[in-house]
Amino acid sequence: MKRVRVIDSHTGGEPTRVVIEGGPDLGQGSIAERLEIFRTSHDGFRSAVVKEPRGSDVMVGALLVPPCDSTSTAAVIFFNNVGYLGMCGHGAIGVVATLDYLNLIKPGPQRIETPVGVITATLAESGEVTIHNVPSYRYKAKVPIEVEGLGLIQGDIAWGGNWFFLVDGLTTQLDVKQASHWTQVATRIKQALLDNNITGENNAEIDHIEIFAPSPTANSRSFVLCPGNAYDRSPCGTGTSAKLACLAADGKLKEGDLWRQESIVGSHFDASYKQQGNQIVPAISGRAWVNSEAFLVLDPRDPFCWGIRG
């Protein structure tokens, strides 16, 4: 049997399961190289940690690995029910909250290495975490696409650490009670992107769909469909970064101005950005709460040891 030590938290309602001990040996290469080893040689571990019967479709895993740079606090590889994520804003906030819970860090800035670059996460005395994300940008604006049941719609394609298709104007209200409806809508949009070969830069798959509506308590409310067809309970850190990139490109949000993004469950991230050439560096602030500490037991005799794979 193998024991895997994990600490669970949630950021704005979205869970993160941080693997502290018991993960696979991925060598000493770059974080991107270690991600590839994880993907090709240890994918069963990913499935065991986040999929049923131990996890769920909404669970995001975060494997801590030794950083490449001695000035970095940590390095992390994010994963979910169907694969791997370049960056994860809510997950990065969860990682910092976990390191704080373990008394491994003190308030102040922390360098964290991810497969798509180094981010800075600043822990405040209050426990709030501000993520200075990887440079983000809008790739294409107002891309038209015919979607089953919706007709012709338009959306922006933007990078915020993952690739997003961002759609506004479909509704005047997003309610968590209609989450299953919006999951179906976003799934149809994603399928239309695939059918029409609409991609991010360098033919990268657009694996996140983000739908916006007005909010009485924030600048905007969002529904985000993640890879694996689970919706994000948080306002989505990389999605908010992509939104900021679009707002900046349209001249609708100035450098340093505050943008408050609300999730479909009512949680909030506060965000702003700094301009960096043709890109922006987003700052996303939120709070994570540790809610469980456990050991996962991987028993090879268990027929579902490596997760239920659908």
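Residues numbered from 1 in each chain as written. Predicted model: local features only at pLDDT ≥ 70, side-chain atom pairs only at ≥ 80, totals over all residues. Heavy atoms only, no water.

Draft legend 1. Inspection of the overall build of the protein chain at higher detail. Broken down by element type, the protein chain carries five helices and 17 strands. Counting all 310 residues of the protein chain, 55% fall into the buried class. Sequence separation of 24 or more characterises 64% of the internal contacts of the protein chain that already satisfy a separation of 6 or more. Entry remark: accessible area of the protein chain is about 13400 Å², with carbon and sulfur atoms responsible for 48%. Charge separation in the protein chain, taken as the distance between the mean sites of 27 positive and 33 negative side-chain charges, equals 2 Å. (Helix = DSSP H or I, 4+ residues; strand = E, 2+ residues; numbered from the N terminus. Buried < 20%, exposed > 50% of the residue type's maximum accessible area, 1.4 Å probe, protein only. Contact = heavy atoms within 4.5 Å. Areas by Shrake-Rupley, 256 points an atom, 1.4 Å probe, with all protein chains shown as cover. Lys, Arg positive; Asp, Glu negative; His and termini not counted. Charge placed at Lys NZ, Arg CZ, Asp CG, Glu CD.)

Draft legend 2. Here's a closer look at the nonpolar core. Ranked by internal contacts, the top residues of the largest apolar core, which has 62 residues, are Phe-78, Phe-165, Ile-189, Phe-223 and Leu-244. Tallying contributions element by element places helix H4 (residues 179-195) first for this core, with seven residues. In this structure, Ile-189 is in contact with Val-147, Leu-150, Ile-153, Phe-165, Val-167, Leu-170, Ile-209 and Ile-211, ignoring residues within four places of it in sequence. Grouped together as the second largest cluster of nonpolar side chains are 21 residues, Ile-31, Val-50, Met-59 and Ala-75 included. (Core = buried A, V, L, I, M, F, W, Y, C linked by side-chain atoms within 4.5 Å.)

Draft legend 3. Spotlight on the pattern of salt bridges. Under the defined criterion, the tally for this structure stands at 11 salt bridges. A salt bridge links Asp-43 to Arg-46; its shortest N-O distance comes to 2.7 Å. Here Asp-43 pairs with Arg-46, and both are found in helix H2 (residues 43-50), just three residues apart, close to one helical turn. Among the residues examined, Arg-46 registers a relative accessible area of 6% and is labelled buried. Among the salt bridges present, the one from Arg-138 reaches Asp-250, with a minimum N-O distance of 3.0 Å. Taken together, the residues span a long stretch of sequence, with Arg-138 in strand S9 (residues 137-147) and Asp-250 in the loop between helix H5 (237-249) and strand S14 (259-262) at a distance of 112 residues. With relative accessibility at 22%, the residue Arg-138 sits in the partly exposed group. One salt-bridge network, in which partners are shared between bridges, spans Arg-5, Glu-21 and Glu-293. (Salt bridge = Lys/Arg side-chain N within 4 Å of Asp/Glu carboxyl O.)

Draft legend 4. A look at the packing of aromatic side chains. Applying the stated criterion across every chain yields a total of seven aromatic pairs. A centroid spacing of 5.9 Å and a plane angle of 90° characterise the contact between Tyr-137 and Trp-163, whose relative ring orientation is edge-to-face. Separated by 26 residues along the polypeptide, Tyr-137 in strand S9 and Trp-163 in strand S11 (residues 163-168) bring together distant segments of the chain. There is no split in this pair, since Tyr-137 and Trp-163 are both buried. (Phe/Tyr/Trp six-rings, centres within 6.5 Å; stacked < 30°, edge-to-face > 60°.)

Draft legend 5. H2, seen in detail. The element H2 is extensively covered by neighbouring structure, given that seven of its eight residues are classed as buried. Buried within H2 we find Gly-44, Phe-45, Arg-46, Ser-47, Ala-48, Val-49 and Val-50.

Draft legend 6. Structural context of unusual backbone geometry. The omega torsion across Glu-52 and Pro-53 is 10°, close enough to zero to call that bond cis. Locating Pro-53 in the fold gives a position in the loop between H2 and strand S3 (60-65). Positive phi, normally seen in glycine, also occurs at Lys-142, with a value near 50°. Mapped onto the fold, Lys-142 is located in strand S9. Despite not being glycine, Asn-229 has its phi angle at roughly 65°, a positive value. Counting through the fold element by element, Asn-229 comes out in the loop between strand S13 (220-225) and H5.

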